Amino acid sequence: MNGFALHNIQHSSPSAINMWAAAPCAFIAKYLLNQKFKFSLAAKAGMIVEEAVVNVLSNGWTEEKALKAAINEYTKASAFGASDADLKRGEAIAGMITGAIAELKQYGETEQGTDIVYGKKQKKVEMICSGDGFKLPVIGYLDLHYPKHGLIVDLKTTMRLPSEMSDEHIRQGGFYRGAMGNQTVKFLYVSGKAHKWHEVPDAVPVLQEIKTLVNRQEKFLKLGDAATLQSFVPVNAGSYYWTGDEQLRKSLYGI
């Protein structure tokens, strides 16, 4: 029996592969031990901004209506226990939305998929990763798809614009590019005051990297049941995956 079947893992995703690459201990906690990680306000802000942008560009909302709804939603989400950084992010949401709309309106309406993910419509894409004795579907969902332009845009909210794409984002975008027949994939990063575009490079080396990661993961998963793997998996205590979940990490791994 292959490692994925042993743990009843029926598919993967770019986010799961990125978690495995950066912090196998977090992957074991989430996918094998069924632990729930906190949904950060940074992630919540990203969802709110994307929803507002889509509502204006594709659903007939006025920008004023979308801004009001977005700010109200984030205010409710951050009402209790928000850090200074979370409150500062809230102040930037309006600028993130207006900046994204200004950059994206040139492409017209985005094609919305039929799959509902976190309450919003997204387009599902899938590739099969084959290895020694296994075939594992890898599934992702597109933020913004413009078929007429041969363009896929992934919208990222941030408080600091990156000078270059992270390995995680290149991996995510490379998967989209491979799954969509090598269409252009760009990431639009928006802060409260500025924006920056980055284009995903050639998908071929990225897909090879994903295949290597998945194959190595399968071999690791074959080494034992969840409790056994928990007992010796390396612990990356400094990974951002544990932000806000430090007590969970300590309860599982002792550090």
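Here, the structure is the one placed above.
Small disclaimer: the values here were computed from a predicted structure and weren't measured.

What follows is about the packing of aromatic side chains. Here the structure, examined in full by the defined rule, presents eleven aromatic pairs. Arranged with centres 6.2 Å apart and planes meeting at 80°, the rings of W242 and Y253 form a pair that is edge-to-face. Taken together, the positions of W242 in the loop between α9 (226-232) and α10 (246-253) and Y253 in helix α10 put the pair eleven residues apart, joining distant regions of the chain. In this structure Y253 comes out as buried when scored by relative accessible area, which is 14%. An aromatic cluster of three or more residues is present, and its members are W20, F27, Y31, F220 and F232.

Right, let's get into the side chain of T158. Its place among the elements puts T158 in the loop between β5 (151-157) and α7 (167-179). By relative accessible area, which is 18% here, T158 ends up buried. What T158 contacts, discounting residues up to four positions off in sequence, is M96, Y189, V190 and S191.

Relative to the helices and strands, L223 is located in the loop between α8 (203-221) and α9. Its relative accessible area of 54% is what places L223 among the exposed residues. Residues L223 and L6 lie 217 residues apart in sequence; the distance between their C-alpha atoms is 9.8 Å. If we ignore the near neighbours within four places in the chain, the residues touching L223 are T228, L229 and F232.

So, on to the sheet that holds strand β4 (residues 144-146). Note: strands within a sheet are paired through backbone hydrogen bonds, in either parallel or antiparallel orientation. Reading across the sheet, the four strands line up as β4-β5-β6-β7 and stay open at both edges, with mixed pairing between neighbours. Strands at the two margins of the open sheet, each flanked by one partner only, are β4 and β7 (195-199). Neighbour to neighbour, the strand axes of the sheet diverge by 25° on average, direction disregarded. Bridging between strand β6 (residues 184-190) and β7 involves five bridges; their strand directions are antiparallel. Within the sheet, the bridge partner assigned to V190 lies in β7 and is H195. Packed onto the sheet, helix α4 (residues 41-58) meets β4 and β5 and runs at close to 135° relative to β5. Where helix α6 (residues 84-104) meets the sheet, it contacts β4, β5, β6 and β7, and its direction lies at approximately 150° from that of β6.

This brings us to the pattern of salt bridges. By the definition in use, this model includes five salt bridges. Salt-bridge contacts for E73 lead to K44; the nearest nitrogen and oxygen are separated by 3.2 Å. Of this pair, E73 sits in helix α5 (residues 63-77) while K44 sits in helix α4, and the two are 29 residues apart along the sequence. You can call E73 partly exposed: its relative accessible area is 30%. Residue K44 is classed as partly exposed on the basis of its relative accessible area, which comes to 24%. With a shortest N-O distance of 3.8 Å, K222 and E218 are connected by a salt bridge. For E218, a relative accessible area of 1% translates into the label buried.

Turning our attention to the sheet that holds strand β1 (residues 115-117). Across the sheet, three strands lie side by side as β1-β2-β3; this open sheet has antiparallel pairing. With one partner strand each, in any of the chains shown, β1 and β3 (134-142) form the two edges of the open sheet. Across the sheet, the mean angle from the axis of one strand to that of its neighbour is 55°, orientation sign disregarded. Relative to β3, strand β2 (residues 120-131) is paired through nine bridges, and the arrangement is antiparallel. Counterpart to E126 in the pairing with β3 is I139. The sheet strands contacting α8 are β2 and β3, and the helix crosses β2 at an angle near 70°.

Take the packing of α4 against α5 next. Angle between the axes and distance between the axes are the two parameters that describe a pair of packed helices. Between α4 and α5, the least distance of the axes is 9 Å, while the angle of their chain directions is 165°. Comparing their axes, α5 and α4 come out roughly antiparallel. Two packed elements cross with a definite hand, and for α4 against α5 that hand is right-handed. Between α4 and α5, the residues in contact are L41, K44, A45, I48, E51, A52 and V56 and E63, A66, A70, E73, Y74 and A77, respectively. Across the contact of α4 with α5, the residue classes tally to nine nonpolar, no polar and four charged.

Thresholds applied
Residues numbered from 1 in each chain as written. Predicted model: local features only at pLDDT ≥ 70, side-chain atom pairs only at ≥ 80, totals over all residues. Heavy atoms only, no water. Phe/Tyr/Trp six-rings, centres within 6.5 Å; stacked < 30°, edge-to-face > 60°. Helix = DSSP H or I, 4+ residues; strand = E, 2+ residues; numbered from the N terminus. Buried < 20%, exposed > 50% of the residue type's maximum accessible area, 1.4 Å probe, protein only. Contact = heavy atoms within 4.5 Å. Pairing = 2+ DSSP bridges. Axes fitted to C-alpha atoms, helices over the stretch in contact; angles between N-to-C directions. Salt bridge = Lys/Arg side-chain N within 4 Å of Asp/Glu carboxyl O. Parallel < 35°, antiparallel > 145°, perpendicular 65-115°, else oblique. Left-handed = near helix turned anticlockwise from the far one by under 90°. Nonpolar A, V, L, I, M, F, W, Y, C, P; charged D, E, K, R; others polar.

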